[in-house]
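Residue strings, one per chain:
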Amino acid sequence: MGMAAATTIDAYIAAFPESTQTFLKQLRAAIKEAAPKATERISYGMPCFRTTKNLVYFAGYTKHIGFYPGAATITHFETQLSSYKHAKGSVQFPLTGAIPTALIIQMTEFRLQELRKKDK
């Protein structure tokens, strides 16, 4: 990142090398498909999608893209994530493979349902 922190997701993505931008754009598109009503913002210096609360975050790194859908989502999809490095609320998608867009859509939809239950 440059000197100033990005204030929009477009600016955030634009700060990365083109190859990384492609991955970030694919991830963003998958999230948008799963949560078309969510608003985009930068939170904690990362792209964030928000409904009533923060839904999911993602971030670009040198060798991977980080996706942060929360702990319950990671636990629910643990089997599908077994080939990726993952932790309590995050998963890393290496820049050497393909972005698993279908999985990201499913994870984002799961997270949306989780927030809906909490809002009731």
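Residues numbered from 1 in each chain as written. Predicted model: local features only at pLDDT ≥ 70, side-chain atom pairs only at ≥ 80, totals over all residues. Heavy atoms only, no water.

Chemist: Help me understand the packing of aromatic side chains, please; the structure alone is not making it clear to me.
Modeler: In this description, a pair of aromatic rings is defined by centroid distance and the angle of the planes. Applying the stated criterion to the full structure yields six aromatic pairs. Taken together, the ring pairs connect Phe67, Tyr84 and Phe93 into an aromatic cluster. (Phe/Tyr/Trp six-rings, centres within 6.5 Å; stacked < 30°, edge-to-face > 60°.)

Chemist: Looking at this structure, I do not really get helix H2 (residues 18-34). What am I missing?
Modeler: In an α-helix there are 3.6 residues to a turn, and that puts residues three or four apart on one side. Across its 17 residues, H2 extends 25 Å between first and last C-alpha, which sits within 8% of the 24 Å expected from 1.5 Å per residue. Looking at H2, one finds that the buried residues are Thr20, Gln21, Phe23, Leu24, Leu27, Arg28, Ala30, Ile31 and Ala34. (Helix = DSSP H or I, 4+ residues; strand = E, 2+ residues; numbered from the N terminus. Expected span 1.5 Å × (residues − 1). Buried < 20%, exposed > 50% of the residue type's maximum accessible area, 1.4 Å probe, protein only.)

Chemist: What should I look at first to understand the pattern of salt bridges in this one?
Modeler: All told, the structure shown has four salt bridges when counted by the stated rule. For the salt bridge of Asp10 with Arg28, the shortest nitrogen-to-oxygen distance reads 2.7 Å. Of this pair, Asp10 sits in helix H1 (residues 9-14) while Arg28 is found in helix H2, placing the two residues 18 residues apart along the sequence. We classify Asp10 as exposed; its relative accessible area is 51%. Arg28 is the salt-bridge partner of Glu40, the closest N and O atoms lying 2.7 Å from each other. Taken together, the positions of Glu40 in strand S1 (residues 39-43) and Arg28 in helix H2 put the pair 12 residues apart, joining distant regions of the chain. Exposure remark for Glu40: the relative accessible area of 30% places this residue in the partly exposed category. Three or more residues joined by partner-sharing salt bridges are found here, namely Asp10, Arg28, Lys32 and Glu40. (Salt bridge = Lys/Arg side-chain N within 4 Å of Asp/Glu carboxyl O.)

Chemist: Even after reading the chapter, I still don't get the pairing of strand S2 (residues 46-50), so can you show me in this structure?
Modeler: On a regular strand, each side chain points to the face opposite its neighbour's, so the side chains alternate between the two faces of the sheet. Across the five residues of S2, four count as buried, placing the element largely inside the fold. Joining the antiparallel neighbours S1 and S2 is a turn of two residues, in which Tyr44 adopts a positive phi near 55°. Bridging between S2 and strand S3 (residues 54-60) involves three bridges; their strand directions are antiparallel. Across the sheet, Cys48 pairs through a bridge with Tyr57, a residue of S3. The antiparallel pairing of S2 with S3 creates a hairpin that spans three residues between the two strands. (Pairing = 2+ DSSP bridges.)

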